[in-house]
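Structural characterization, general
Below, each chain spelled out in residue letters.
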Amino acid sequence: TKNGVYLSIIFKVVGDFEETTLTIEDELFVAEDQSAVAFDIVNGTCGLPKITGVSLEGAEYVYDGSNKALAVKGATGDMTVTYSPANVKNVGTHKITATVKKAGFATLTLTADLKITPKALTITGVKVTDKTFDNTTTATVDYSGAALVGVVAGDDVSFTQPTATFADANVGTNKTMVMDAIAL
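None of the values given here were measured: they were computed from a predicted structure. (Residues numbered from 1 in each chain as written. Predicted model: local features only at pLDDT ≥ 70, side-chain atom pairs only at ≥ 80, totals over all residues. Heavy atoms only, no water.)

**A short note on the sheet that holds strand 11 (residues 108-117)**
Stated precisely, the cut-off is as follows: We call two strands paired when DSSP finds no fewer than two bridges between them. For helices the rule is a DSSP run of H or I covering at least 4 residues; for strands it is a run of E covering at least 2, with both sets numbered from the N terminus onward. Between N-to-C directions, angles cover 0 to 180 degrees, with each direction set by a line fitted to C-alpha atoms, over the stretch in contact for helices.
If you trace the four strands from one edge of the open sheet to the other, you get 7-11-10-9, paired in mixed fashion. The open sheet terminates on both sides in strands that have one partner only, identified here as strand 7 (59-62) and strand 9 (79-84). Here the average twist between neighbouring strands, direction ignored, is 25°. Sheet analysis places strand 9 next to strand 10 (residues 92-102), joined by six bridges and oriented antiparallel. Within the sheet, the bridge partner assigned to Thr82 lies in strand 10 and is Thr99.

This is the structure:
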């Protein structure tokens, strides 16, 4: 009662929080741990206040073989943050979920994408051998000195050795050659 007026409020609990006893002090709800409790008298709901001022932003990296992670911005020392998954290193778009907890506040769940794009590799040392005119477009490719440049240490990468053809069967120098796709 306050000034002889009895106040009765019926509300439902929303959000994640542990059961606590609420008291009214100077017309505010206060929990046993002295944290404030948010309430919406119009909609008849009550729950722990929301964590604000924190965010999780997506990021994009080029594959380098190392684990990548996102970090919540604005988290303070009294908050605990867990990530799922915590670290990723494979090429692709990964949905990262961060769960932020703080005593006296509702748990906050944030999501963002962490994208890892493929690293460009270069093949060096591939040669097309000279040929005697035979009225065909067949080209002979020498892969004996071929090497992949840019492979991340510890990764096992190889490539196919596709066939090639000249653009036409005519005699000439510096001829255009077409090679089938190289697969890694």
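**Some thoughts on the nonpolar core**
For clarity, the cut-off: What is meant by a nonpolar core is a set of buried Ala, Val, Leu, Ile, Met, Phe, Trp, Tyr and Cys residues, joined one to another through side-chain atoms within 4.5 Å. Note on classification: 1.4 Å probe, protein chains only; a residue is buried when its accessible area is under 20% of the maximum for its type, exposed when over 50%, partly exposed between these limits. Residue contacts follow a heavy-atom distance rule, with two residues in contact if any of their heavy atoms lie within 4.5 Å.
Within the largest apolar cluster, 16 residues are counted, with the highest numbers of intra-cluster contacts made by Val54, Leu56, Leu70, Val72, Val100, Leu110 and Leu114. When residues of this core are traced back to their parent elements, those giving at least two are strand 10 and strand 11. Per element, the largest residue contribution to this core is four residues, and it comes from strand 11. Val100 has contacts with Ile51, Val72, Met79, Thr80, Val81, Thr107, Leu108 and Leu110, leaving out every residue within four places of it along the chain. Membership of the second largest hydrophobic core comes to six residues, among which are Ala139, Tyr143, Phe159 and Ala164.

All quantities given are derived from atomic positions and should not be read as evidence of function.
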